[in-house]
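What follows is the residue order along each chain.
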Amino acid sequence: MDAIQQHMIDSYRAAQRGELPPPLPGRHDWGVVREARERRRFEAVIAGRPAYGRRWAALRSLLGKLGRSGKSRGSGKLGKCRPSGA
């Protein structure tokens, strides 16, 4: 049974009971994604880790290791890896 079929059954059951129908499937998906991201950030703060910039720090660390190992062709100096919005 897919989500639409389950929604139809739940809507029918709600109509029989005189209740409000459930929200459409996928209606609150982005809200759940935002809440999960905020939860991860909260847990990082509680654990004493930085809540923001962890991906960029990991990328800088990885690129720095590549630069020191001689595998990169550049001068070994890396610019700041920052997102365009920061």
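Residues numbered from 1 in each chain as written. Predicted model: local features only at pLDDT ≥ 70, side-chain atom pairs only at ≥ 80, totals over all residues. Heavy atoms only, no water.

1. Re helix H2 (residues 29-46)
Part 1 of the argument: Compared with an ideal rise of 1.5 Å per residue, which puts 18 residues at 26 Å, H2 spans 26 Å between its outermost C-alpha atoms and is within 8% of the ideal.
Part 2 of the argument: Two residues or fewer past H2, Gly48 is found with a positive phi of approximately 85°. (Helix = DSSP H or I, 4+ residues; strand = E, 2+ residues; numbered from the N terminus. Expected span 1.5 Å × (residues − 1).)

2. Quick notes on a positive patch on the surface
Part 1 of the argument: Taken together, the side chains of Arg34, Arg37, Arg40, Arg49, Arg54 and Arg55 define a basic patch exposed on the protein surface.
Part 2 of the argument: Residue assignment for the positive patch shows that the elements contributing at least two residues are H2 and helix H3 (54-68).
Part 3 of the argument: Along the chain, Arg37 turns up in helix H2.
Part 4 of the argument: According to the relative accessible area criterion, Arg37 is partly exposed, its value standing at 32%. (Patch = residues over 30% accessible without salt bridge, like charges linked within 9 Å, V, L, I, M, F, W, Y side chains within 5 Å. Areas by Shrake-Rupley, 256 points an atom, 1.4 Å probe, with all protein chains shown as cover. Salt bridge = Lys/Arg side-chain N within 4 Å of Asp/Glu carboxyl O. Lys, Arg positive; Asp, Glu negative; His and termini not counted. Charge placed at Lys NZ, Arg CZ, Asp CG, Glu CD. Buried < 20%, exposed > 50% of the residue type's maximum accessible area, 1.4 Å probe, protein only.)

3. Concerning a nonpolar patch on the surface
Part 1 of the argument: A cluster of nonpolar side chains, namely Trp56, Leu59, Leu62 and Leu66, defines an oily patch on the protein surface of about 340 Å² accessible area.
Part 2 of the argument: Note on placement: Trp56 falls in helix H3.

4. What about the pattern of salt bridges?
Part 1 of the argument: The final tally for this structure, using the stated rule, is three salt bridges.
Part 2 of the argument: With its nearest N and O atoms 3.2 Å apart, the salt bridge here joins Glu38 to Arg41. Here the residue Glu38 and the residue Arg41 both occupy positions in helix H2, the gap between them amounting to three residues, near one helical turn.
Part 3 of the argument: The class for Arg41 is partly exposed, based on a relative accessible area of 24%.
Part 4 of the argument: Of the charged contacts in the structure, one is a salt bridge between Glu43 and Arg39, with a shortest N-O distance of 2.9 Å. You can see Glu43 and its partner Arg39 sitting in helix H2, four residues apart, about one turn around the helix.

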